[in-house]
Amino acid sequence: MTLQTRLGLAILSAGLLSAASPARVESSGEAEPLNKLMDGNKRYAAVKYIHPHQTKYRRDLMAKGERPFAIVLSCSESRVPPEVIFDRGLGDLFVVRVAGNIADDAVIGSIEYAAEHLHVPLLMVLGHERCGAVSATVKGGKIPGHISSLTKAIGPAVEMVKGKSGDPLDNSVRANVEMVVEQLRTSKPILAGLIQEGRLKVAGARYDLDTGVVELLTGAKPKSAAGVPAQASHKVMAHPVSAPDDEDKPQGAASAGPKRIETAQPSRKVTAQPVLTLPDDHDEPKAATPASPKAKH
Ligand SMILES: [Zn+2]
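Source: prediction; values computed, not measured. (Residues numbered from 1 in each chain as written. Predicted model: local features only at pLDDT ≥ 70, side-chain atom pairs only at ≥ 80, totals over all residues.)

**Describing the overall build of the chain**
Logical step 1: The helix and strand tally for the chain stands at ten helices and five strands.
Logical step 2: Within the chain, counting contacts between residues at least 6 apart in sequence, those at least 24 apart form 69% of the total. (Helix = DSSP H or I, 4+ residues; strand = E, 2+ residues; numbered from the N terminus. Contact = placed C-beta atoms within 7 Å.)

Written out as structure tokens, the structure reads:
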């Protein structure tokens, strides 16, 4: 998809078709959160990272408050850091990590805080290939110390796929994601309520350690080019990697001029503590010119 097409979609999704100029789109662009995640993963899997939102400017901005666009519940393993595999930076993701991406009370409480208080519209439960916690559960036997709290939580997922064809570990990884998604979807009163009100979507996904690809398993689907949910299982492969509509342009791209951080329109209600309202298209107050010595990744 070309950048122009993507910008066009951003206009449509923001309901700004009549008023929008390309510059307006950049300042208002609210790409669909799941698309933002999956687009970032495409960049990562294709080794075309842009490492957005990792500048001093962004750090200063985030010191004032946060407005992440997605919650990611993922495993603690060092090889699955969400900000890396979704090619994101400061203030983008509200990440909850626990071995085996299970949902105990503290995890659910953290997710509730992000969904209810920070108004994050998307929750992704992200399992991964060859997960150690799931593997320990599949193997069974005596589990020492508090590790057993993890395997107890994962146990029902392993049971669910017993006897099923295929790799028991990978089947269990997938079943565990589905189970946790269901657990969170039906978690009362907060998460279930937000979902019912249409304020929160939940997606389950599996990260492939070998390819770097995140595959959606369940739940919300990214919007297709026609703006309708994509059909069938969305396996993100090495599609042409497009720059997100809400990021700094990769080095060499023409700039539309200074970015408009100060023109941000509040897009949602601010409650209690400062919930930062920002346009998504910034890393720096001024866009880098093609000639700038900005480091190329
Ligand atoms: Zn794991």
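**Details of the nonpolar core**
Logical step 1: I71 and M124 are the most contacted members of the largest nonpolar core, which totals 57 residues.
Logical step 2: When residues no more than four places from it in sequence are discounted, the contact partners of I71 are F94, V96, I111, A114, A115, V120, L122 and L123. (Core = buried A, V, L, I, M, F, W, Y, C linked by C-beta atoms within 7 Å. Buried ≥ 20, exposed ≤ 12 C-beta atoms within 10 Å, placed from the backbone.)

**Points about helix 7 (residues 132-139)**
Note on helix geometry: an α-helix contains 3.6 residues per turn, so any two residues three or four positions apart are oriented the same way.
Logical step 1: The complete set of buried residues in helix 7 reads A133, V134, T137 and V138. Taken around the axis of helix 7, the buried residues stretch over an arc of 140°, which confines them to a single face.
Logical step 2: Buried positions along helix 7 lie against helix 8 (147-160) and helix 9 (168-185). (Arc of directions from axis to C-beta.)

**With respect to the pairing of strand 1 (residues 70-74)**
Logical step 1: Judged by how many residues are buried, strand 1 sits mostly within the fold: five of five residues are covered.
Logical step 2: Residues A70, V72 and S74 of strand 1 are buried on one face, and the alternating residues I71 and L73, pointing to the opposite face, are buried as well.
Logical step 3: Bridging between strand 1 and strand 2 (residues 93-97) involves five bridges; their strand directions are parallel. By the bridge assignment, I71 is partnered in strand 2 with F94. (Pairing = 2+ DSSP bridges.)

**Overview of helix 8**
Logical step 1: The end-to-end C-alpha distance of helix 8 is 21 Å, a good match for the 20 Å that 14 residues give at a rise of 1.5 Å each.
Logical step 2: In helix 8, a bend of some 40° at I154 exceeds every other bend along the element, and P156, a proline, comes one to four places later.
Logical step 3: Within helix 8, the full set of buried residues consists of L150, T151, A153, I154, A157 and V158. (Expected span 1.5 Å × (residues − 1). Bend = angle between axes of the 7 residues up to and from the residue.)

**What to know about the environment of E66**
Logical step 1: Summarising the element assignment, E66 is placed in the loop between helix 4 (56-62) and strand 1.
Logical step 2: Sequence separation between E66 and L90 is 24 residues; the distance between their C-alpha atoms is 8.9 Å.

**As for the confidence of the model for the chain**
Logical step 1: Residue-level pLDDT values for the chain average 77, and 63% of them are 70 or greater.
Logical step 2: Predicted confidence is poor over residues 225-272, with pLDDT under 50, and the contacts of this stretch with residues over four places away or in other chains come to 101 contacts. (pLDDT = per-residue confidence, 0-100.)

**A few points about unusual backbone geometry**
Logical step 1: Cis geometry marks the peptide bond from K188 to P189, where omega comes out at 0°.
Logical step 2: Note that P189 resides in the loop between helix 9 and helix 10 (190-196).
Logical step 3: Not every positive phi belongs to a glycine, and H51 is a case in point at roughly 45°.
Logical step 4: In this fold, H51 is placed in the loop between helix 3 (33-45) and helix 4.
Logical step 5: At H53, a position not held by glycine, the phi torsion is positive, near 55°.
Logical step 6: Inspection of the secondary structure puts H53 in the loop between helix 3 and helix 4.

**Looking at the packing of helix 7 against helix 9**
Logical step 1: The N-to-C vectors of helix 7 and helix 9 enclose an angle of 115°; their axes lie 9 Å apart at closest approach. By crossing handedness, the relation of helix 7 to helix 9 is classed as right-handed. Within the contact between the two elements, helix 7 uses V134, S135, T137 and V138 and helix 9 uses P168, L169, S172, V173 and N176.
Logical step 2: Its residues assigned to classes, the contact of helix 7 with helix 9 comprises five nonpolar, four polar and no charged. (Axes fitted to C-alpha atoms, helices over the stretch in contact; angles between N-to-C directions. Left-handed = near helix turned anticlockwise from the far one by under 90°. Nonpolar A, V, L, I, M, F, W, Y, C, P; charged D, E, K, R; others polar.)

**Structural notes on the environment of A203**
Logical step 1: Along the chain, A203 falls in strand 4 (residues 201-207).
Logical step 2: Judged by the 26 C-beta atoms lying within 10 Å of it, A203 is buried.

**Quick notes on the packing of helix 7 against helix 8**
Logical step 1: Contact geometry of helix 7 with helix 8 gives a least axis separation of 9 Å together with a crossing angle of 70°. With respect to helix 8, the axis of helix 7 lies roughly perpendicular. Facing A133, V134, A136, T137 and V138 of helix 7, the residues of helix 8 in contact are L150, T151, I154, G155 and V158. (Parallel < 35°, antiparallel > 145°, perpendicular 65-115°, else oblique.)

**Here's the deal with the environment of I102**
Logical step 1: Residue placement: I102 occurs in the loop between strand 2 and helix 6 (105-117).
Logical step 2: Expressed as a C-alpha distance, the spacing of I102 and S74, which sit 28 residues apart in the sequence, is 8.3 Å.
Logical step 3: Setting aside residues up to four positions removed in sequence, I102 forms contacts with V107, L150, A153, I154 and V180.

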